[in-house]
Amino acid sequence: MPRVAAWTVALVALALVPSLMPNAYVQYVVNSSLIFAFATIGLNIIFGYAGQHAFGFPVFFGVGAYASALLAIDAGWPLPLSISFGAIVTGLISAVIGFPAFRLRGIYFGVGTIAYAYVIYIIAQNWVELTRGPMGIPLIPPIRMLPDDVEWLSRDTQVRLLVVAVIGLVIFVLDRLLSSPLGRAWLAVRENENLASSVGISPLRYQMSAFVLGAVISGLGGGFYAHYVGFVSPTELGFHYIGVLFIMLIAGGTSTLAGPLVGSVVFGVVPELLRVAEMARNLLLGLILLACITLLPEGLAGIWKRIGATAGFRRVFGQAVSGSTAADCGPTPPVEGVTPSTVAAASLELRGVCKQFEGLTALDDVSFAISPGEVVGLIGPNGAGKTTLFNIVTGVLAPTRGSIRYGGREIGGRAPHAIAALGVTRTYQITSLFPELSAADNIRTATHLWSYRNPAAAVLRTPRFRKIEEDIARSVDAILSLVGLQSNRETMAAALSYGDQRRLEVALALATGARLILLDEPAAGLNAGETEEICDLIRRLQAAGFTVIVIEHDMRMVMSLCERIIVLNYGRRIFDGTPQDAASNADVIEAYLGASAADA
Amino acid sequence: MLELALQQVINGLLVGAIYALMALGLMVILGILRIINMAQGELYMLGGYFCYLSVVTLGLPYFPAIGVAMALTAAVGMLMDRLTVRPLLRRPFYMVFLSTFAVSIILQNAAELLWGPDPQTIPTPFSPWPIVIGPVFLTSQRLFILFAATLGAAAFFAFLRWTRVGMAIRALARDRDTALLMGIDADRIQTITFGLGSALAGAAGALLGAMFNVYPTMGQLPLLKGFTLVVMGGMGSVGGIFSAGLMLGVAEGLTAGFISTGYVDLVAFVTMLLVLMVRPEGLSKWGKAGA
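Residues numbered from 1 in each chain as written. Chains lettered and ligands numbered in written order. Predicted model: local features only at pLDDT ≥ 70, side-chain atom pairs only at ≥ 80, totals over all residues. Heavy atoms only, no water.

## Some remarks on the overall build of chain A
Helix and strand counts for chain A stand at 26 helices and 10 strands. Considering only C-alpha atoms, chain A reaches an extent of 100 × 55 × 45 Å along its principal axes. Evaluated residue by residue, chain A yields a buried proportion of 56% over its 600 residues. Across chain A, the fraction of contacts at a sequence separation of at least 24, relative to all contacts at a separation of at least 6, is 75%. On chain A, roughly 24200 Å² of surface is accessible, and the fraction owed to carbon and sulfur atoms is 61%. Put simply, chain A has 42 plus and 44 minus side-chain charges, and the middle of one group is 6 Å from the middle of the other. (Helix = DSSP H or I, 4+ residues; strand = E, 2+ residues; numbered from the N terminus. Buried < 20%, exposed > 50% of the residue type's maximum accessible area, 1.4 Å probe, protein only. Contact = heavy atoms within 4.5 Å. Areas by Shrake-Rupley, 256 points an atom, 1.4 Å probe, with all protein chains shown as cover. Lys, Arg positive; Asp, Glu negative; His and termini not counted. Charge placed at Lys NZ, Arg CZ, Asp CG, Glu CD.)

Here you go:
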């Protein structure tokens, strides 16, 4: 385990090397920088891994500091209790803020979190009975681990040992969570929220889990800070700290395990060592932030990785080791059994489905039923309502009227991830993948619904967790070879060729374990050879018993694939039957070629 | 009681009009770039200092000094756009946002280094004696600020509504791709937009800075208040933002008068968060109701 060894060496060095410099000021600077690492690690979870631009998030560091200080002073709790409860209180406050905040979109979310942070700041300034107001809380009881008369280990070193040990534990837990369904879901929500919900990942649940976990870790650091420095004031909740923490994270390297720690130590210690005045130091920090954004988007950890990649250190510090490098080619495996059959095949039934957009009727009283194992083509001229129908069946839109039943259960108006959990998933007309994840990780992420999603089991690596992760690894290999992407398994999805991307989309739908798959123009923009590959894939899905509904404009493809087609025109179902009958149906010909052609 | 209320309403109108100027500057930049310019508060602060320096160091009278402050602030804004926004346009939007945040930190601390942390007073020609209208006390300076801010907003409305550049700004804000296809020079418009937004902030700083004081951190709250107004008044609606500004000012004045001065700043944030809870994407979309 060279990775574990390297981390251990680095952490032990962090804890012990500063002790060689008995200067009290150096000790103070190093310790407080290390304490800031909690806040940057927490920020990294929500901002880096889960990709949510919560600009006001750093306020939770100060919230934890206040909570722990007040629990220790006003409630008289012993420090271990006050610090851990301070972290829990921070988590609760973050949940209260996060739940409404995640309704906001785009820049409104980012600035909404700043507004919340400012509200907390104002409360700390004005609720004097609780917070002591603008003057802050002095004389917070210090951390004491050994009796006062112990002289061989200075108090600073004691604190540092404790802080580094807890940081080590946090990083260990985080590392295990990241390579579990939880971490994959965070990345999925960051990379592509819509697709994430199509494969059964609830965006809100994982945004919230990242927000709250990040806040708990930040709050834990806040507790250490309060009891180490001995004083908290509203300054710790102010804008200045927001800036500093973002500098530490971005300069250190977002979405890396080491980045926040490196950033905190380097940018906590360096400005102090330069011994410049407070104002000039802030000026310097602003310039560093600007320079990092423009010149060093990957941060210090990015440089490290770049060196590592060239010098072969990647093995040690790189990402988690991926699964076996399965031999290429060989016979294509059967579709059966690539995912465990956790959901039963069922029939889909639409009755009187209508959808109106502000007066425009996109779907008008559409009814049909599809039995398990059918491959049905959904065709119609542009604007006929085909994609709207997919959106309604998969929960992206709610129907205005009508009922959609899957396996006898009403699914109309349910959330996409809830519908996916019943075994219904889809692909999108415009290519939709997790762009910055590898092909293999795309598929691994899509196995979310049948993965073992217990975070405690992921941290402890219980036998059941390991077994299911092994099943997932096997399934990923099988699906990769099924869609012919083994040789590109480590390629970033965004870098795949267009044809590979479209097959990977089908692979994702397959990996969810769904039994009903809705394909929205899977062959759009593909050449004849690539189209044939997709057709072949769909035929194999059918042979394995999947139900498939496919929207397609390529009539030759529809005719060769589907034993049944449904035709929509102006939101109405105008035909439902065999492809042969469709070709001679007057309504269909009129819809496609105009009235005069039907007369002729 | 009624006297206090009336007095607070008048004071509130004045502060609200200044917030509205900040909000209009934020709005045009948000419209074009989809980012909040976090340095807008520091541009406001610079407006105050430029006005102060023009009067004290250069010996200019106060009224032309406001113009000088606007011009210099606009220049800083355009420079900021060139150096810290342009190079990042192809990167994720939050990078641009953080970059303006970095500029905010830099400008604030540079001001503190250059001019010190102490509040400075801009000498003005206004008489310190109040005009008494019934129960309400007014100074000529307050009347002037209210008048100037209203005039500024009206001029801005006319500019967006009836000039070619104004039309180009609205087009870019509404649908960037189509605007580009119509041959609008996005680079040039972006520079103008930054200049315009900064000039509005500079004017606000020169006006309100003369009534209170100028100091390096004076821009923080007006920035946030300005943003809440963009959310409450609606993107693209000059009238909506201006009236939201007046309402917020009055609500703050009444809170300060009857509840507590400490919680005045909560009014804006709580109102904004409530609005966002109901309409997560803000009140209205750019361009629906013209400028």
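Read on, since the account is not over.
## Focus: the interface of chain B and chain A
Listed as interface residues are 41 residues of chain B and, on the opposing side, 36 residues of chain A. Together chain B and chain A conceal approximately 3700 Å² of surface at their shared face, both sides included; 82% is due to carbon and sulfur atoms. Of all residues in chain B, L98(B), I106(B) and M277(B) bury the most surface against chain A, accounting for 14% of the area lost on that side. Taken together, the connections running from chain B to chain A amount to one residue pair in polar contact (both at pLDDT 80 or more). Elements that contribute at least two residues to the side of chain B that touches chain A include exactly helix 4 (93-115), helix 9 (220-233) and helix 11 (264-278) of chain B. Of the residues in the side of chain B that touches chain A, the class split is 30 nonpolar, six polar and five charged. (Buried area = accessible area lost by both parts, 1.4 Å probe. Polar contact = N/O pair within 3.5 Å; in protein donor to acceptor, adjacent residues only side chain to side chain. Nonpolar A, V, L, I, M, F, W, Y, C, P; charged D, E, K, R; others polar.)

## Quick word on the sheet that holds strand 1 (residues 348-357) of chain A
All names here are of chain A. Spatially, 2-1-4-5 is the arrangement adopted by the four strands of the open sheet, whose pairing is antiparallel. In this open sheet, the two strands that pair with only one neighbour each are strand 2 (360-370) and strand 5 (409-410). In this sheet, strand 5 lies alongside strand 4 (residues 401-406) in antiparallel orientation, the contact comprising two bridges. In the sheet register, R405 faces strand 5, and the bridge partner there is E410. This element, helix 16 (residues 386-393), spans strand 1, strand 2 and strand 4 of the sheet and lies at about 115° to strand 1. (Pairing = 2+ DSSP bridges. Axes fitted to C-alpha atoms, helices over the stretch in contact; angles between N-to-C directions.)

## Regarding the pattern of salt bridges
Residue and element names in this part refer to chain A. For the coordinates displayed, the defined rule picks out 23 salt bridges over all chains. One salt bridge connects R489 with D477, and the closest N-O pair in it is separated by 2.5 Å. Within this pair, whereas R489 is found in the loop between helix 20 (463-482) and helix 21 (498-511), its partner D477 is found in helix 20, the two being separated by 12 residues in sequence. Across the pair E490 and R489 runs a salt bridge, and its minimum N-O distance is 3.5 Å. According to the relative accessible area criterion, E490 is partly exposed, its value standing at 46%. Bridged by salt links that share partners, the residues E374, R564, R573 and D576 form one connected network. (Salt bridge = Lys/Arg side-chain N within 4 Å of Asp/Glu carboxyl O.)

## A few points about the sheet that holds strand 8 (residues 547-551) of chain A
Residues and elements named next belong to chain A. The strand order 6-7-8-3-9-10 describes an open sheet built from six strands, whose pairing is mixed. Edge positions in the sheet fall to strand 6 (424-426) and strand 10 (572-577), since each of these pairs with one other strand and no more. On average, each strand axis in the sheet is tilted by 20° relative to the strand beside it, whichever way the strands run.

## Comments concerning the domain arrangement of chain A
Note: interface size is frequently given as the accessible area lost on complex formation between the parts. Residue and element names in this part refer to chain A. Under the domain assignment, chain A is made up of domain 1 (3-243) and domain 2 (348-599). In this structure, domain 1 and domain 2 have C-alpha centres spaced 42 Å apart. If you look at the interface, domain 1 gives 23 residues, while domain 2 gives 31 residues. The contact between domain 1 and domain 2 buries some 2200 Å² in all, and 63% of this surface belongs to carbon and sulfur atoms. The largest per-residue losses of area from domain 1 upon contact with domain 2 belong to R184, E191 and V199, which jointly make up 27% of the total buried on that side. For the interface between domain 1 and domain 2, the tally reads one salt bridge. Across the pair E469 and R184 runs a salt bridge whose closest N-O atoms are separated by 3.1 Å. (Domains from an automatic or database assignment.)

## Brief notes about the side chain of S94(A)
All names here are of chain A. Along the polypeptide, S94 turns up in helix 4 (residues 79-101). You can call S94 buried: its relative accessible area is 0%. The contact partners of S94, leaving out residues within four places of it in the chain, are F60, F211, V212 and A215.

## Some words on helix 22 (residues 528-543) of chain A
Residue and element names in this part refer to chain A. For helix 22, spanning 16 residues, the distance from its first C-alpha to its last is 22 Å, which sits close to the expected 22 Å at 1.5 Å a residue. Those residues of helix 22 that sit buried are T531, I534, C535, L537, I538 and L541. The buried residues of helix 22 occupy one face: seen down the axis, they fall within an arc of 155°. Exposed side chains of helix 22 directed beyond 90 degrees from the buried face belong to A528 and A543. On its buried face, helix 22 sits against strand 3 (375-379), helix 20, helix 21, strand 7 (516-520), strand 8 and helix 23 (555-561). Where helix 22 begins, the side chain of N527 points an oxygen toward the backbone nitrogen of G529, at a separation of 3.1 Å. G545 occupies a position one or two residues after helix 22 and carries a positive phi of about 95°. (Expected span 1.5 Å × (residues − 1). Arc of directions from axis to C-beta.)

## Let's talk about the nonpolar core
Residues and elements named next belong to chain A. If you look at the biggest cluster of nonpolar residues, it comprises 263 residues, and the most contacted ones within it are W186 and L504. Built from parts of two domains, this core gets at least three residues from each of domain 1 (3-243) and domain 2 (348-599). Apart from the residues lying within four places of it in its own chain, the contact partners of W186 are I45, Y49, A50, L174, L178, Y206, S209, A210 and L213. Residues V353, I411, L516 and I549 belong to the second largest nonpolar core, which totals 27 residues. (Core = buried A, V, L, I, M, F, W, Y, C linked by side-chain atoms within 4.5 Å.)

## Concerning a nonpolar patch on the surface
Among the surface-exposed residues, W77(A), L81(A), F85(A), I88(A) and L92(A) lie close enough to one another that they form a single nonpolar patch of about 450 Å² accessible area. F85(A) sits in the partly exposed class, given a relative accessible area of 36%. (Patch = residues over 30% accessible without salt bridge, like charges linked within 9 Å, V, L, I, M, F, W, Y side chains within 5 Å.)

## Some words on the packing of aromatic side chains
With the rule as written, the count across this model stands at 26 aromatic pairs over all chains. Ring plane angle 40° and centroid distance 5.4 Å describe the contact between F126(B) and F144(B), whose orientation is recorded as tilted. Placement of the pair is F126(B) in the loop between helix 4 and strand 1 (131-133) and F144(B) in helix 5 (residues 140-162), with a sequence separation of 18 residues. Each ring, one from F157(B) and one from W162(B), has its centre 6.0 Å from the other, and the planes form 90°; the classification is edge-to-face. Assessed through its relative accessible area of 28%, F157(B) is described here as partly exposed. On the accessibility criterion, W162(B) (63% relative accessible area) is exposed. The structure contains a cluster of three or more aromatic residues connected by ring pairs, namely F57(A), F60(A), F102(A), F109(A) and F211(A). (Phe/Tyr/Trp six-rings, centres within 6.5 Å; stacked < 30°, edge-to-face > 60°.)

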